[in-house]
Amino acid sequence: MAQLWGGRFTKDTDQMVYDFNASINFDKRLFHQDIEGSIAHVVMLAKQGILTLGEKDSIIKGLAGIREDVDKGLLAISPEYEDIHSFVEAMLIERIGEAGKKLHTGRSRNDQVALDMKLYTRLQILKTDELLKELLEVILDTMERNLETYMPGFTHLQKAQPTTLAHHYGAYFEMFKRDRLRLKDIYARMNYCPLGAGALAGTTYPLDRSYTSSLMGFEGPTLNSMDSVSDRDYLIEFLAALSTVMMHLSRFCEEIILWNSNEYQFVEIDDAYSTGSSIMPQKKNPDIAELVRGKTGRVYGALISLLTTMKALPLAYNKDMQEDKEVSFDAMDTVQSCLELFTGMVKTMKFRTDRMADSALNGFANATDAADYLVNKGVPFRDAHGIIGKLVLYCIEKNTSIDALTLEELRAVSDQFGPDLYDAVSLKTCVEKRLTAGAPGQEAMKKVIAVNKKYLKDDWIEVLPGYVTGTEKV
Ligand code: ARG
């Protein structure tokens, strides 16, 4: 047991209590952020005359040495310390002596952990965004190559109207694009620095909070010290955004699982992303898609967990908040690995375009277009709907499709049918005539692709402050 706060106590902490309380096993992840925050704090303390330049230099050298040794594997983050903050401080004192004891001047672990978690989350937002961007690039590339890959569009999982693979993928492009926009919003809203809030009520030292916040690439300091140490909104927002990413991935996976099934055969998942069965030799299972779909639950779980942890906490810091870490780390890891694997899977997946087109031909996906044909001949839409309904029934009985009927058969239902019907309900016409903005017709799709190409070129990461953090420059 190694802790920072023995003075007031007369008995040792019970071992079970100590273990229950300790967080080093998971907050060791914040090691780099803890060092970075401490360096910024010390640089500011020296600027304000609270530490001497000599003390500052010696602390920074000590912290940089600890970072280097841990990174090189020469120093292990030992679980005998209560948390990562205690570990770093204890190592510093061990290495540089008296000056090390001044590191924590004007700081509390409450604002320290608030800062570490923010720095860590900020980085994870950027990493998630990068992975989303890579996925969007694969999706857009597939769209460009499949403008004429016809397939059925579904509602209620019933064939509804013909569309294209480009159009179907385009829907996911918009979803993941919104996910990135959400991340951008969250980043901008959270990018204020809590360091200097102290335990809850600031400090009597003349800290320059604007300076520390600029050193670490924040927009500025947070404006209420109680809120600074007890705010986890940004994490909740991030977990909500991650849940939405997972919901999108899961829907996409569900479709891929269907498309990969024997019944559809629209796609073939690459061997590298499938697994076999130990008993059924014919099997090639879409495990990765199923696992991504399955892991959605645990990310939702993290969101609900943190919302519940925070729900009745009085101001300001409460130890409950230590529970923000494990669930959040797990959700961040899960989403990143899901995005990486999913992108690899769709990148290598083969499309059976013949099966897609066949499927679009059967199942009356062109029934709306047949009704529209009659409307163009002057039949009111409601009557046209009824006529085509009858025709579909006739086709079902004869096990055929509208475009395979003879003109005589068609005219037996309505004398408005002419030989131009066949072209009007062909797959190509059905799709290519749909030219409203956002529709699958090629000309409409090309406009959307151009907009989205431009969007992918604008890289918001580079323009946001805080990506390259200030202390690296110190
Ligand atoms: N391990 C704590 C956490 O993650 C750090 C803050 C501790 N503060 C305190 N007053 N005990 O929240």
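### Some points on the overall build of the chain
Within the chain, the regular secondary structure consists of 20 helices and six strands. Rg of the C-alpha trace for the chain: 30 Å, well past the compact-globule value of 23 Å for 474 residues, more than 25% over. On the principal axes, the C-alpha backbone points of the chain span a range of 100 × 50 × 40 Å. Counting across all 474 residues of the chain, residues that qualify as buried make up 51%. Sequence separation of at least 24 residues holds for 76% of the intrachain contacts in the chain that already meet a minimum separation of 6. Within the chain, one finds 55 positive and 68 negative side-chain charges whose respective centroids are separated by 2 Å.

### So, the site of the ligand
If you check the shell around the ligand, you find Ser-23, Asp-27, Asp-83, His-85, Arg-109, Asn-110, Val-113, Tyr-317, Gln-322 and Lys-325 and nothing else. One of the side-chain N or O atoms of Ser-23 is found 3.1 Å from a nitrogen atom in the ligand. Asn-110 places a polar side-chain atom, nitrogen or oxygen, 2.9 Å from a nitrogen atom of the ligand. Its free accessible area being 340 Å², the ligand has 86% of it covered by the protein chains. When residues in the shell around the ligand are grouped by element, the largest group, three residues, is from helix 6 (residues 109-145). In terms of residue class, the shell around the ligand is made up of two nonpolar, four polar and four charged.

### A few points about the pattern of salt bridges
Once the charged atoms of two side chains with opposite charge are near each other, the side chains can pair. This structure, assessed with the given rule, holds 27 salt bridges. Across the pair Asp-129 and Arg-180 runs a salt bridge whose closest N-O atoms are separated by 2.7 Å. In this pair, Asp-129 sits in helix 6 while Arg-180 sits in helix 7 (residues 165-190), placing the two residues 51 residues apart along the sequence. Taking relative accessible area as the criterion, Arg-180 reaches 1% and is therefore assigned buried. Glu-148 is paired through a salt bridge with Lys-428; the nearest N and O atoms lie 3.4 Å apart. Of this pair, Glu-148 sits in the loop between helix 6 and strand 1 (150-155) while Lys-428 is found in helix 18 (residues 427-432), placing the two residues 280 residues apart along the sequence.

### Side note on the confidence of the model for the chain
Across the chain, the average pLDDT comes to 93, with 95% of residues at 70 or higher. Overall, residues 467-474 carries pLDDT values under 50, and its contacts beyond four positions in sequence, including any with other chains, amount to 19 contacts.

### A word on a nonpolar patch on the surface
A cluster of nonpolar side chains, contributed by Leu-200, Met-226 and Leu-315, occupies part of the molecular surface with about 260 Å² of accessible area. Examined against the element boundaries, Leu-200 turns out to sit in the loop between strand 3 (192-193) and helix 8 (209-215). A relative accessible area of 35% means that Leu-200 is categorised as partly exposed.

### Quick word on the packing of aromatic side chains
For the structure shown, the criterion picks out twelve aromatic pairs. On the basis of an interplanar angle of 40° and a centroid distance of 6.3 Å, the ring pair of Trp-259 and Phe-266 is categorised as tilted. Of the residues examined, Trp-259 reaches a relative accessible area of 2% and is grouped as buried. Residue classification places Phe-266 among the buried residues on the basis of a relative accessible area of 2%. Each residue in the set Tyr-169, Tyr-172, Phe-176, Phe-252, Phe-342 and Phe-351 is aromatic and connected to the rest through ring pairs, giving one cluster. Over the aromatic face of Tyr-211 sits the side chain of Lys-47, whose NZ or CZ is 4.9 Å from the ring centroid.

### With respect to the pairing of strand 1
Taken together, the six bridges between strand 1 and strand 2 (residues 158-164) define a ladder with antiparallel strand orientation. Bridge assignment links Thr-155 to a residue of strand 2, and that residue is Gln-158.

### Considering helix 14 (residues 367-376)
Of the residues making up helix 14, those classed as buried are Ala-367, Asp-369, Ala-370, Ala-371, Tyr-373 and Leu-374. Where the residues of helix 14 are buried, they touch strand 2, helix 15 (381-398), helix 17 (421-424) and helix 18. The positive-phi residue at the C-terminal boundary of helix 14 is Gly-378, with phi of around 105°.

### A short note on the nonpolar core
Phe-87, Ile-139, Met-143, Tyr-169, Phe-176, Leu-249 and Phe-342 are the most contacted members of the largest nonpolar core, which has 101 residues in total. The contact partners of Phe-342, leaving out residues within four places of it in the chain, are Leu-135, Leu-249, Phe-252, Cys-253 and Ile-256. Within the second largest apolar cluster, 19 residues are counted, among which are Tyr-373, Cys-395, Phe-417 and Val-425.

### Some remarks on the packing of helix 3 (residues 31-47) against helix 5 (residues 84-96)
Between helix 3 and helix 5, whose axes approach to 10 Å, the crossing angle comes to 55°. Comparing the axis directions of helix 3 and helix 5 gives the class oblique. Taken as a pair, helix 3 and helix 5 cross one another with a handedness that is right-handed. Packed against helix 3, whose contacting residues are Phe-31, Asp-34 and Ile-35, the element helix 5 presents Ile-84, His-85, Phe-87 and Val-88 at the interface. Looking at the contact of helix 3 with helix 5 residue by residue, the classes come out as five nonpolar, one polar and one charged.

### Observations concerning the environment of Met-445
Tracing the sequence through the fold places Met-445 in helix 19 (residues 442-457). Between the C-alpha atoms of Met-445 and Lys-72, which are 373 residues apart in sequence, the distance is 51 Å. Non-local contacts of Met-445, meaning those with residues more than four positions away in its chain, are made with Met-143, Leu-147, Ala-166, His-167, Ala-439 and Pro-440.

### Describing the environment of Lys-72
Of note, Lys-72 is situated in helix 4 (residues 53-72). By relative accessible area, Lys-72 is classed as exposed at 55%. Polar contacts involving the side chain of Lys-72 include one to the side chain of Glu-68, which spans 2.8 Å.

What counts and how
Residues numbered from 1 in each chain as written. Predicted model: local features only at pLDDT ≥ 70, side-chain atom pairs only at ≥ 80, totals over all residues. Heavy atoms only, no water. Helix = DSSP H or I, 4+ residues; strand = E, 2+ residues; numbered from the N terminus. Rg over C-alpha atoms; globule rule 2.2 N^0.38 Å. Buried < 20%, exposed > 50% of the residue type's maximum accessible area, 1.4 Å probe, protein only. Contact = heavy atoms within 4.5 Å. Lys, Arg positive; Asp, Glu negative; His and termini not counted. Charge placed at Lys NZ, Arg CZ, Asp CG, Glu CD. Near = heavy atom within 4 Å. Polar contact = N/O pair within 3.5 Å; in protein donor to acceptor, adjacent residues only side chain to side chain. Areas by Shrake-Rupley, 256 points an atom, 1.4 Å probe, with all protein chains shown as cover. Nonpolar A, V, L, I, M, F, W, Y, C, P; charged D, E, K, R; others polar. Salt bridge = Lys/Arg side-chain N within 4 Å of Asp/Glu carboxyl O. pLDDT = per-residue confidence, 0-100. Patch = residues over 30% accessible without salt bridge, like charges linked within 9 Å, V, L, I, M, F, W, Y side chains within 5 Å. Phe/Tyr/Trp six-rings, centres within 6.5 Å; stacked < 30°, edge-to-face > 60°. Lys NZ or Arg CZ within 6 Å of the ring centre and 35° of its normal. Pairing = 2+ DSSP bridges. Core = buried A, V, L, I, M, F, W, Y, C linked by side-chain atoms within 4.5 Å. Axes fitted to C-alpha atoms, helices over the stretch in contact; angles between N-to-C directions. Parallel < 35°, antiparallel > 145°, perpendicular 65-115°, else oblique. Left-handed = near helix turned anticlockwise from the far one by under 90°.

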